[in-house]
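# Observations on the three-dimensional arrangement
Residues per chain, in single letters:
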Amino acid sequence: MRDLLKELVVARNKKIYKDKDFITLLSIIKGLNMDNKINWDEGAGEEWAFINNSSLSIMLNTKIGIYFVRGEISDDYLYVLNDGNCVYVNNYDLKEWYIDLEYLQKNIPEIIWHASGDSIDTNGFSLDELYFATV
């Protein structure tokens, strides 16, 4: 199991997005590869965006600089994402993460856990579940 808080603390210490910073980042990433597809509904208040192309998938938080990277990432992407915490994963549906919600609420207010009760096991969840718990 991997401690998600460890990664979130590193990310928060590196980058907290202000104003239109996140939208600018998405624009830059979109320009790196014409095949990049962006899945993010800003108007709905989604707190995670996905960038996908044939060899890469990145799950980005809109509040702090954490980037979950699956696939082959080029130096161009690493240069653009260098102000955050890039966490490499094999897939988004593997239940390999755990989190202390009390610590999360007190120390990383940008990430809000919306999942109710025991709908998601905080001792073993996937990044897909994290998305739905915090979107």
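Since the structure is predicted, the reported quantities are computational estimates derived from the model, not experimental observations. (Residues numbered from 1 in each chain as written. Predicted model: local features only at pLDDT ≥ 70, side-chain atom pairs only at ≥ 80, totals over all residues. Heavy atoms only, no water.)

## Section: the overall build of the protein chain
How we decide: Strands here mean DSSP runs of E at least two residues long; helices mean DSSP runs of H or I at least four residues long; both are numbered from the N terminus. Both definitions apply: the radius of gyration is a C-alpha atom measure, and the globule rule equals 2.2 Å times residues to the power 0.38. The contact definition used throughout considers only heavy atoms, calling two residues in contact when any of these lie within 4.5 Å. Per-residue and other accessible areas follow the Shrake-Rupley method at a 1.4 Å probe size, with only the shown protein chains counted as cover for residues.
Across its full length, the protein chain holds five helices and seven strands. When its helices and strands are written in sequence order, the protein chain yields β-α-α-β-β-β-β-α-β-β-α-α. Scaling as 2.2 N^0.38, a compact globule of 135 residues should have a C-alpha radius of gyration of about 14 Å, and the protein chain matches this with 14 Å. For the protein chain, the spread of C-alpha atoms along the principal axes amounts to about 40 × 30 × 25 Å. When contacts within the protein chain are restricted to residue pairs at least 6 apart in sequence, long-range pairs at least 24 apart make up 53% of them. When the accessible area of the protein chain is evaluated, it comes to approximately 7,400 Å², of which 47% is carbon and sulfur surface.

## Things to note about the nonpolar core
Basically, it comes down to this: Among buried residues, those of type Ala, Val, Leu, Ile, Met, Phe, Trp, Tyr and Cys that are joined through side-chain atoms within 4.5 Å constitute a nonpolar core. When accessible area is computed with a 1.4 Å probe and restricted to protein chains, residues below 20% of their type maximum are described as buried, those above 50% as exposed, and intermediate ones as partly exposed.
Membership of the largest hydrophobic core comes to 26 residues, with the highest contact counts inside it found for L8, M59, F68, W113 and L130. In this view, F68 contacts L4, W48, S57, I58, M59, V87, V89, Y92, W97, L127 and L130; residues no more than four positions away in its chain are not counted. Listed in part, the 16 residues of the second largest apolar core include Y17, L26, A49 and Y77.

## Here's the deal with the pairing of strand β6 (residues 85-88)
Formally: The criterion for strand pairing is that DSSP finds at least two bridges linking the strands in question. A crossover counts as right-handed when, viewed with the strands pointing away from the observer, the path leading from the first strand over the helix to the second turns clockwise.
Going residue by residue along β6, you find N85 and V87 tucked away on one face and C86 and Y88 left uncovered on the opposite face. Relative to β6, strand β5 (residues 66-71) runs parallel, the two sharing four bridges. Across the sheet, residue Y67 finds its bridge partner in β6, namely C86. You can see the chain leave β5, run along helix α3 (residues 75-80) and come back into β6, and the turn it takes is right-handed.

## Remarks on the environment of W97
Mapped onto the secondary structure, W97 falls in strand β7 (residues 97-98). For the pair W97 and L127, spaced 30 residues apart in the sequence, the C-alpha separation amounts to 7.7 Å.

## Looking at the side chain of E7
Definition in use: The positive count covers Lys and Arg only, the negative count covers Asp and Glu only, and His and the chain ends enter neither. Definition used for salt bridges: Asp or Glu carboxyl oxygen within 4 Å of a side-chain nitrogen of Lys or Arg.
Mapped onto the secondary structure, E7 falls in helix α1 (residues 4-14). This buried residue, E7, is left without a salt bridge; K6 holds the nearest opposite charge, at 4.5 Å. If sequence neighbours within four positions are ignored, E7 has contacts with I66, N85, V87 and W97.

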